[in-house]
Amino acid sequence: MAAACGRAVLRGARFGRWFSSSACRMGSDGEPTKFQPPPKPVIIDKQRQREERRFLSPEFIPPRGRTDPLKFYIERKDMIQRRKVFNIPEFYVGSILAVTTADPYADGKTNRFVGICIQRGGRGLGATFVLRNVIEDQGVEICYELYSPRIQEITVLKLEKRLDDNLMYLRDALPEYSTFDMNMKPVSHLDHEEIPVNKLQVRMKPKPWSKRWERPKYNIKGIKFELPEEKMKEAQKWKKPWLEFDMLREYDTSKIEEKIWREVSEELKK
Amino acid sequence: MPPAPNLWAGEEGKAEAAQALIRGRRVRRNASFRDPLGAVLPGLGDERSRGGMEAGFLCPDVRRGPSGAACRGDSGGQLTRIQMALLHRRLGFSLTHLSNTVIQRHLSVSGACRAIQKLTRVRVVDNSALGNAPYHRPPKCIHVYNKTGVGKVGDKILLAIKGEKKKALIVGHKMPGPHMTPRFDSNNVVLIEDNGNPLGTRIKTPIPYILRRREGEFSKVLAIARNFV
C-alpha cells in the first residue's frame, strides 16, 4: 500500500503538484478512499496547432472544361488505388528527386536517375514530371509518368520550391545550375516546417536561347537578366496587361481543391 | 483565321494579302528565330542547340563563323533568293516584289522535328580522331538510313566530316521521345564503319539504355560506352 502510494506520488509529481491530494489521502473515517486515477494530462501539441498543411498534388485538380465530373471521379479512384500501393511523395518544381524505374535493358533491371524537377504536367493518371541533370557535360532530361507501374521508387532528396512554376529556362542557363550529384544524400526536412523557397537567380548562357525568356509571357522571376536596358524595355512591348482581367480565363480552384483534398485524404486513410 | 489571300487582287493587293497572311500565322511556341533573314522555311530546324551543332543550313549559327557567313551575306531583314523560291512554292504566289521590304516579324512554321535528318549538324561523342579533329565546318548528316528521313536513337546515318563520308549511329537527340526515355541537349552520334565497328575506343557521354534492345547490332558500340542513362 505504501509502495503503491509512493509510485502514485512519483507519477503525480511529473504532472503537477497534486500528489498530496487523492492518492495518499485517508478518508475521514480512517479507511483508505477508492483509488482515483490521475486526470489525463492534456498534451498541447504545438505542431498540430499550426495549421495543418494541406498538399494536394496538382494532377488531382481537373482541368476547366465541359467533361463530366464522373470521369475525373473514376480517374481519382484509380489514382488513389495506385497511391495506396506505391508512395508518391510530395514534391514541387525545383525539388531534387531520385527515381528508380524498371528497365529490361538496364543492369540489374533497374535504372536510377537523379535530377531537379523542372516541370509537372498532365492531369489524372497521365501526370508527368520532367527531371533534369547534367552528366559528363551532357544535359539529360527524362519525362516520367507518375502513375506508371514501371516506376519502383521515388525519393525526394531535397524538398524545396523555386520562384517559378516551370524551370525550362535551365536549358539555357549555365550548366552548373542543373548539375546534381548522382549519389547525393537526402537532405532532411521536418514535417511541420514550411517548404523552403529557393530564391536563386540563375545566370544564363549568352543569347540565343531556346525561348525568349525575358518576355512577360513567361513571367520568369528566377533569372538574373544581364541584358541591356533597351532589350528589357523592348521585351515589355509584348506585355498583355489585359490578360489578368480576362474573366473567361478565370479558373478558381479553391473550392474544388478543398473538396478533392477531403475526398483524397479520407480514401487514403482507409 | 487569317483572311485567305485574294489572288485576283492587283499588285498592291497581292503584296498586302501576302503580308497579312505572314503576320496572321499563329506563332508557335517553339519559335526561336534570331535569324535576320526572317526565316520562313519549313522543315529545316528552328532550334538552336547549345553546342551549336543543329538546324538547317539556312538558319545560321552566329558563332559558327565561315559556315554561316554565306547566309549572313545579305543585310538583315531581307530574304535570300533561295528562301524566296521556297516561299513561292509554299505559299503559292510570288513575293519577289517584296524583296525590298524588310519583314520584321519573326515567325515559325510547322515544326521541324528536332530529331536528326538531312543537313542536321551533329556532335560526335566518341574519342575517334576523325570525330575530334578540328575542321571549319561541323559534321552534317547527309542521309538517314530509314524509311522516313528522320533519324531517332538507334538509326544509322551518313555523315559528312572533314570532306569525307562516314556512317554513324545516333545515340541521342534533342527531340523528346517516348516517356521514360532520356532527351539530350545535343544531337549525339557515334562514328561507325560499314560493318558496325565503332571508330573510337571510348564514349564518355551517357547513352540511353534503349540501345540495348538491339544488342546484336550494336554490341561493339555498347561495349565501349561508359555511362548509361
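Residues numbered from 1 in each chain as written. Chains lettered and ligands numbered in written order. Predicted model: local features only at pLDDT ≥ 70, side-chain atom pairs only at ≥ 80, totals over all residues. Heavy atoms only, no water.

**Regarding the overall build of chain A**
When helices and strands are counted, chain A shows 5 helices and 7 strands. What you see in chain A, going N to C, is helices and strands ordered as α-α-α-β-β-β-β-β-β-β-α-α. With 270 residues in all, chain A has 38% of them scored as buried. When contacts within chain A are restricted to residue pairs at least 6 apart in sequence, long-range pairs at least 24 apart make up 64% of them. A total of about 17,600 Å² of accessible surface is found on chain A, and carbon and sulfur atoms cover 53% of it. (Helix = DSSP H or I, 4+ residues; strand = E, 2+ residues; numbered from the N terminus. Buried < 20%, exposed > 50% of the residue type's maximum accessible area, 1.4 Å probe, protein only. Contact = heavy atoms within 4.5 Å. Areas by Shrake-Rupley, 256 points an atom, 1.4 Å probe, with all protein chains shown as cover.)

**Quick look at the overall build of chain B**
Broken down by element type, chain B carries 5 helices and 6 strands. Shown N-terminal to C-terminal, the secondary structure of chain B runs as helices and strands in the order α-α-α-β-α-β-β-β-β-β-α. When each of the 229 residues of chain B is scored for burial, the buried share is 48%. Just so you have it, chain B exposes about 11,500 Å², and 51% of that area is on carbon and sulfur atoms.

**Brief notes about the side chain of Thr101 of chain A**
With respect to the helices, strands and loops of the structure, Thr101 of chain A is situated in strand E1 (residues 96-102). Judged by relative accessible area, which is 3%, Thr101 of chain A ranks as buried. Not counting residues within four places of it along the chain, the set of residues in contact with Thr101 of chain A comprises Lys109, Thr110, Asn111, Tyr144, Arg150, Ile151 and Gln152 of chain A together with Met180 of chain B.

**Section: the environment of Asn227 of chain B**
Turning to its location among the elements, Asn227 of chain B is positioned in the segment after helix H5 (215-224). Sequence separation between Asn227 of chain B and Ile207 of chain B is 20 residues, and the spatial gap between their C-alpha atoms is 6.3 Å. Residues in contact with Asn227 of chain B, not counting those within four places in the same chain, are Ile135 and Glu136 of chain A together with Ile203, Lys204, Thr205, Pro206 and Ile207 of chain B. Among the polar contacts listed, one links the side chain of Asn227 of chain B to the backbone oxygen of Lys204 of chain B, at a separation of 3.0 Å. (Polar contact = N/O pair within 3.5 Å; in protein donor to acceptor, adjacent residues only side chain to side chain.)

**Considering the pattern of salt bridges**
Under the counting rule described, the total for this entry stands at 20 salt bridges over all chains. Between Arg54 of chain A and Glu258 of chain A there is a salt bridge; the shortest N-O distance is 2.7 Å. Here Arg54 of chain A is found in the loop between helix H2 (46-49) and helix H3 (69-85), whereas its partner Glu258 of chain A is found in helix H5 (residues 254-269), with 204 residues between them in sequence. Given a relative accessible area of 32%, Glu258 of chain A falls into the partly exposed group. Between Arg120 of chain A and Glu59 of chain A there is a salt bridge whose closest N-O contact spans 3.2 Å. Placement of the pair is Arg120 of chain A in strand E2 (residues 110-121) and Glu59 of chain A in the loop between H2 and H3, with a sequence separation of 61 residues. What makes Glu59 of chain A buried here is its relative accessible area of 3%. Where salt bridges share partners, they join Arg132, Glu141 and Arg171 of chain A together with Arg183 and Asp185 of chain B into one cluster. (Salt bridge = Lys/Arg side-chain N within 4 Å of Asp/Glu carboxyl O.)

**What about the interface of chain B and chain A?**
Facing the 30 residues of chain B at the interface are 33 residues of chain A. Approximately 2,800 Å² of surface area, both sides summed, lies buried where chain B meets chain A, with 49% of it carried by carbon and sulfur atoms. Asp107 of chain A is paired through a salt bridge with Arg212 of chain B; the nearest N and O atoms lie 3.3 Å apart. Taken together, the links from chain B to chain A amount to 11 residue pairs in polar contact (both at pLDDT 80 or more). (Buried area = accessible area lost by both parts, 1.4 Å probe.)

**Examining the sheet that holds strand E2 (residues 140-144) of chain B**
Residue and element names in this part refer to chain B. In spatial order, the strands read E1-E6-E4-E3-E2; together these 5 strands make up an open sheet with mixed pairing. What marks the edges here is a single partner per strand, and that holds for strand E1 (123-124) and E2. Where strand E3 (residues 156-161) and strand E4 (residues 164-172) come together, 6 bridges link them in antiparallel fashion. Within E4, the residue paired with Leu158 across the bridge is Lys167. (Pairing = 2+ DSSP bridges.)

**Describing the sheet that holds E1 of chain A**
Strand order in the open sheet formed by 6 strands is E5(A)-E1(A)-E2(A)-E3(A)-E4(A)-E5(B), and the pairing between neighbours is antiparallel. Every other strand in the sheet has two partners, leaving strand E5 (151-158) of chain A together with strand E5 (182-184) of chain B as the edge strands with one partner each. The mean inter-strand angle of the sheet, taken between neighbouring strand axes irrespective of direction, is 35 degrees. Here E2 of chain A runs beside strand E3 (residues 128-135) of chain A; their pairing, made up of 5 bridges, is antiparallel. Pairing of Gln119 of chain A across the sheet is with Val130 of chain A, part of E3 of chain A. (Axes fitted to C-alpha atoms, helices over the stretch in contact; angles between N-to-C directions.)

**Looking at the packing of aromatic side chains**
Overall, the coordinates contain 7 aromatic pairs over all chains when judged by the stated rule. Between Tyr209 of chain B and Phe228 of chain B, the aromatic rings sit 5.3 Å apart at their centres with planes inclined by 15 degrees, giving stacked as the arrangement. With Tyr209 of chain B in the loop between strand E6 (188-192) and H5 and Phe228 of chain B in the segment after H5, this residue pair connects regions lying 19 residues apart in the sequence. Relative accessible area serves as the criterion here: at 19%, Phe228 of chain B is assigned to the buried category. Each residue in the set Phe91, Phe129 and Tyr144 of chain A is aromatic and connected to the rest through ring pairs, giving one cluster. Directly above the aromatic system of Trp238 of chain A lies the positively charged group of Arg215 of chain A, at a separation of 3.5 Å from the ring centroid. The ring of Tyr145 of chain B is capped by Lys167 of chain B, whose NZ or CZ atom sits 4.7 Å from the centre of that ring. (Phe/Tyr/Trp six-rings, centres within 6.5 Å; stacked < 30°, edge-to-face > 60°. Lys NZ or Arg CZ within 6 Å of the ring centre and 35° of its normal.)

**Description of a nonpolar patch on the surface**
Together, Leu70, Tyr73 and Ile74 of chain A make up a nonpolar patch on the protein surface, roughly 290 Å² of accessible area in all. Along the polypeptide, Ile74 of chain A turns up in helix H3. (Patch = residues over 30% accessible without salt bridge, like charges linked within 9 Å, V, L, I, M, F, W, Y side chains within 5 Å.)

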